[in-house]
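Understanding the architecture of this molecule
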Amino acid sequence: MRKVLSIKQQAELFDNALRQRLDDLLPQLMQRQNISMWVVMNREYNEDPVYLSMVPMMCRYARRLSCLIFYRTPEGKVERYCLGNDRDFDNMYTVIPWAPPKDRMELLRETIERLNPENIALDYSETNQFADGLSKSLYDMFARAMTPEIMAKVISAEHIVTDWLQTRNRQELVRYRAVNQLAKEIIEECFSSKVITPGVTTTCDVEWALMEAVSEQGLECWFTPTVDLQRKGCPGGRVRDEVILPGDMLHCDFGLKYLGLCTDTQRIFYVPRAGETEPPVYLQKAFQNTLRFMDIVAENCITGRTGDEILVKSVEQAKNEGLRPHLYTHPIGVHGHAAGPCIGLFYKDGPVGGTGEYPLYPNTCYALELNTKVSVPEWEDDELWVMREETVCFKEDGKLEYLMEDHDVFKMVE
């Protein structure tokens, strides 16, 4: 298994990509959303969801009251300021010095008046938790300190927050492949004879093995992994906390966080009976249905389409091809269930609304999460769910780039 980078190496990679994002990406995004000024305010241990993605890796939390200011000049450049914070930001921000008895909000008001932006985006939103990081008390402090003229310019930062969190640059995508490769190696080791002994090992044992493997790397899972199985005679579908037997189809849902990026992967494995060298044909055919549905979703990923539009078109096309599809794909990146267009929900059929109405933009990543169902004659027509989740990047219309190898392989426990 590949070795995790040292903390210093991780910080260098993260900070180099961040500097490029701030220099090149942020001006494009602020122009796209017509944002003149963006202010991110938070306090220690109550960080805004976007804050730690905007400061160097070793700035592990906000310091007291931290305030970042981004101002787009008439020439399209973005000036970056840190208000009264003496933390070392490695020259990524210009520090506006603050000292008592002047109030920080007074200093912020003076800065806004000096720059005179057309609008001021603050992190509040009724529908998007990632853009709702400004606390009520900080908003009240801001409002009390500002003039009516300034308050008239305040707008929600919902769309600039979403764009910033969801868009990946070239350096990050290279890094993301390495993160997904590590996840793949952990999954495959835990679904091998190193961990699984049919008739002895339980699905819970494999869950613990996944968590231990991540912990041994000095990392954490961003959610508790799950392992379940399907077999003949279990019409209820996925079974957990069960002893694994030959002939079972195992399924895992697993995600780790490394280098500032999250993975989210669902894969299936077949436990062979004596003499079997590959999964039974009927399982392979069912697996091919899910692979086809993944291709259909990719075909319907078109720049500017909303998540709901992609959902409706993909499901309709799959049904027309005779599949029984269910699509519930979510953005992924800095967070596991991340900012961006939602493409279906597991517990709901049809359009999502809200974040489902966000448009699709290039260089954004998704956990392509879905399943197809079939009735299996060999299992007395029990229903089989073939579930899949793969981290992908959308770069061009009609295509998705898989960030983990062997996304189309149905493997056995060996």
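Quick caveat: nothing in here was measured; it's all calculated off a predicted structure.

**Thoughts on helix H2 (residues 104-115)**
In an α-helix, one turn spans 3.6 residues, which is why side chains three or four residues apart end up on the same side. For H2, which comprises 12 residues, the first-to-last C-alpha distance of 17 Å matches the rise-based estimate of 16 Å (1.5 Å per residue) to within 8%. Those residues of H2 not exposed but buried are Arg104, Met105, Leu107, Leu108, Thr111, Ile112 and Leu115. Buried residues of H2, seen end-on, are gathered within an arc of 155° and therefore sit on one face of the element. Structurally, the start of H2 carries an N-cap: the backbone nitrogen of Met105 is 2.8 Å from a side-chain oxygen of Asp103.

**A look at the pairing of strand S16 (residues 382-394)**
For S16, the buried fraction is high: 11 of the 13 residues fall into the buried class. Sheet topology places strand S15 (residues 364-376) next to S16; 13 bridges connect them, and they run antiparallel. Residue pairing across strands places Glu369 opposite Glu389, the latter belonging to S16. Here S15 folds back onto S16, and the loop between the two strands holds five residues, one of which, Glu380, carries a positive phi near 55°. Bridging between S16 and strand S17 (residues 401-402) involves two bridges; their strand directions are antiparallel.

**Comments concerning the sheet that holds strand S5 (residues 120-122)**
The strand order across the open sheet built from six strands is S4-S3-S2-S1-S5-S6, with neighbouring strands paired in mixed fashion. Edge strands, defined here as strands with exactly one partner in the open sheet, are strand S4 (94-96) and strand S6 (154-156). Taken over all neighbouring pairs, the strand axes of this sheet differ in orientation by 30° on average, direction set aside. In this sheet, strand S2 (residues 65-72) lies alongside strand S1 (residues 37-43) in antiparallel orientation, the contact comprising seven bridges. If you follow Val39 over to S2, its bridge partner there is Ile69. Lying on the sheet, helix H1 (residues 7-32) is in contact with S1, S2 and strand S3 (78-83); it crosses S2 at an angle near 70°.

**Considerations on the side chain of Gln166**
Counting through the fold element by element, Gln166 comes out in helix H5 (residues 158-166). Those residues in contact with Gln166 that lie beyond four places of it in its chain are Ala339, Gly340, Pro341, Tyr361, Asn363, Thr364, Cys365 and Tyr366.

**Focus: the sheet that holds strand S10 (residues 256-258)**
What the three strands build is an open sheet, ordered S7-S10-S11; its pairing is antiparallel. Strands at the two margins of the open sheet, each flanked by one partner only, are strand S7 (220-221) and strand S11 (261-262). The sheet contact formed by S10 and S11 spans two bridges and is antiparallel. Bridged to Tyr258 within S11 is Leu261.

Parameters at a glance
- Sequence order sets the numbering: in each chain, residues are counted from 1 along the sequence as written.
- Local features in a predicted model are, by the rule used here, given only for residues with pLDDT of at least 70; side-chain atom pairs are given and counted only at 80 or more, and totals for whole chains, interfaces and linings are based on all residues.
- For the side-chain quantities, the full set of heavy atoms in the structure was used; hydrogens and water were omitted.
- Secondary structure counts use DSSP, requiring at least four H or I residues in a row for a helix and at least two E residues in a row for a strand, with both numbered from the N terminus.
- By this rule, a helix spans an expected 1.5 Å times one less than how many residues it contains.
- Think of it in three bands: with a 1.4 Å probe and only protein chains considered, a residue is buried below 20% of the maximum accessible area for its type, exposed above 50%, and partly exposed in between.
- Note that the arc is defined by the directions from the helix axis to the C-beta atoms.
- Distance and chemistry together define a polar contact, namely a pair of N or O atoms within 3.5 Å, with one atom able to donate a hydrogen and the other to accept it when in protein, and with adjacent residues in sequence counting only for side-chain atoms on both sides.
- Strand pairing requires that DSSP identify at least two bridges connecting the strands.
- A fitted line through C-alpha atoms represents every axis, and for helices the fit uses only the stretch in contact; the resulting angles, taken between N-to-C directions, go from 0 to 180 degrees.
- The contact definition used throughout considers only heavy atoms, calling two residues in contact when any of these lie within 4.5 Å.

Scope: geometric values only; no functional claims are made or implied.
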